[in-house]
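A closer look at the structure
Read off the chains here:
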Amino acid sequence: MRRRPLIRLAAVSVLFTAAACGSSDKGGASDPGAPSGGVRTVKVGLIPIVDVAPLYLGQKQGFFEKRGLKLEFTTAQGGAAIVPGVASGQFQFGFSNVTSLMVAVSNGVPVRAVANGIASTGVEGKDFSALMVKKDSAIKSPKELEGKKVAINTLKNINETAVRASVRKAGGDPDKIEFVELGFEQMPAALDSGDIDAAQVVEPTQATIKNRGGRVIASPLVDVAPKLTVAMYFTSTQYAKQNPEVVKRFQEATAESLAYADAHPDEARRIVTTYTKIPADVLAQVTLPRWPAEANRSSIVDLMKLGYDDGLFKSSPDMNKLLP
């Protein structure tokens with residue numbers, strides 16, 4: 001794929017600015033989360049994976065309630081599906097991988113990150129995300145995926161970019177891979193049946209596949225950058241403008257929730273059973289991500305460069321507009 005000049009990565013997205021000013025976001029004073037009895041209900045779009053455990057923990061611990069917020073969760077397959085819901089006002093907040101947010105901003109979608117989400121552990125072979133094959137697969141290296149089917153949860157997004165990075169690092173050609181879009185929960189069965197040759201997964205799917213004897217052949221998120229900031233919580237620019245106090249309270253409660261989850265890993269594991277179907281024996285094998293308070297900006301730039309090379313962005317996302 002033709003490499004675009006990296007100097008354009010620093011460009012300000014005029015399209016983003018124009019769209020932000022003319023957003024039709026519906027998350028204003030008339031949204032269903034208006035204060036009632038001193039508590040405001042806000043809808044949050046999430047993915048049913050380990051990554052979002054802090055928000056469930058924070059809700060349980062009362063971190064949001066003490067700030068006058070009640071979270072109403074709705075789940076989706078990936079961040080790419082949550083972005084339009086937040087931009088349209090269907091959700092007041094959402095959880096998305098950073099690449100989905102950068103793609104959105106480059107396309108003029110008026111969204112911005114408001115709180116950190118998760119980070120890679122930075123340890124090869126011991127990350128919460130992995131490129132995996134089934135037990136009896138002959139594939140030992142990402143290079144051997146040329147001509148093979150690899151499952152990712154959404155096409156043209158962070159997991160595709162990360163897998164491409166691992167394949168290049170191993171000396172292979174990622175353009176020779178057939179990427180297949182599949183929900184994380186469907187990947188273990190697809191591997192077992194031979195419908196796919198490998199899967200780029202996150203927890204708890206990684207633990208499920210390991211429990212069936214599956215093997216890790218690469219840690220793509222680690223290959224992108226050390227301690228990569230993978231995902232963040234975000235809102236629409238108009239909702240942030242119209243409801244600054246709500247956003248501030250959400251940020252504070254989320255920060256407290258991240259710190260609590262990081263300090264109480266056993267509780268983080270247990271809360272996962274309340275919103276996924278992971279059995280207890282598999283839960284013990286789950287590798288938790290890192291939940292730092294702040295985003296690693298340099299790692300996001302690395303991810304942006306890869307996404308740009310892979311043709312994911314129509315124009316350069318403005319990091320100062322996107323990140324808090």
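Described below are features of the structure shown in this document. Every value quoted in this text rests on a predicted model; they were computed, and no experiment measured them.

Focus: helix H5 (residues 158–169)
Two residues of an α-helix separated by three or four positions point the same way, owing to the 3.6 residues in each turn. With twelve residues, H5 should cover 16 Å at 1.5 Å per step; its first-to-last C-alpha distance of 16 Å lies within 8% of that length. Among the twelve residues of H5, ten are classified as buried, and the element is accordingly described as predominantly covered. Among the residues of H5, those classed as buried are Ile158, Asn159, Glu160, Thr161, Ala162, Val163, Arg164, Ala165, Ser166 and Val167. The positive-phi residue at the C-terminal boundary of H5 is Gly171, with phi of around 90 degrees.

Here we look at the sheet that holds strand S4 (residues 111–119)
One open sheet accounts for five strands, arranged S2-S1-S3-S10-S4; its pairing is mixed. Two strands in the sheet have a free side with no partner beyond their single neighbour: strand S2 (69–75) and S4. When the angles between neighbouring strand axes are averaged without regard to direction, this sheet yields 25 degrees. Inspection of the sheet shows strand S3 (residues 93–97) paired to strand S10 (residues 229–236) by four bridges, in the antiparallel sense. Bridging from a neighbouring strand, Phe95 pairs with Tyr233 of S10. On the sheet, helix H2 (residues 53–61) packs against strand S1 (40–46), S2 and S10 and is oriented at approximately 145 degrees with respect to S2. Each of S1, S3, S4 and S10 touches helix H3 (residues 79–88); the most contacted strand, S3, lies at about 150 degrees to it.

Some points on the packing of H3 against helix H4 (residues 98–106)
Across the interface, H3 lies against H4 with an axial gap of 9 Å and an inter-helix angle of 45 degrees. As judged from the angle between their axes, H3 and H4 are oblique. At the point where H3 passes H4, the crossing takes the right-handed sense. Contacts from Gly79, Ala80 and Val83 of H3 reach H4 at Ser100, Leu101 and Ala104. Looking at the contact of H3 with H4 residue by residue, the class counts come to four nonpolar, two polar and no charged.

Scoring rules and cut-offs
- Residues numbered from 1 in each chain as written.
- Predicted model: local features only at pLDDT ≥ 70, side-chain atom pairs only at ≥ 80, totals over all residues.
- Heavy atoms only, no water.
- Helix = DSSP H or I, 4+ residues; strand = E, 2+ residues; numbered from the N terminus.
- Expected span 1.5 Å × (residues − 1).
- Buried < 20%, exposed > 50% of the residue type's maximum accessible area, 1.4 Å probe, protein only.
- Pairing = 2+ DSSP bridges.
- Axes fitted to C-alpha atoms, helices over the stretch in contact; angles between N-to-C directions.
- Contact = heavy atoms within 4.5 Å.
- Parallel < 35°, antiparallel > 145°, perpendicular 65-115°, else oblique.
- Left-handed = near helix turned anticlockwise from the far one by under 90°.
- Nonpolar A, V, L, I, M, F, W, Y, C, P; charged D, E, K, R; others polar.

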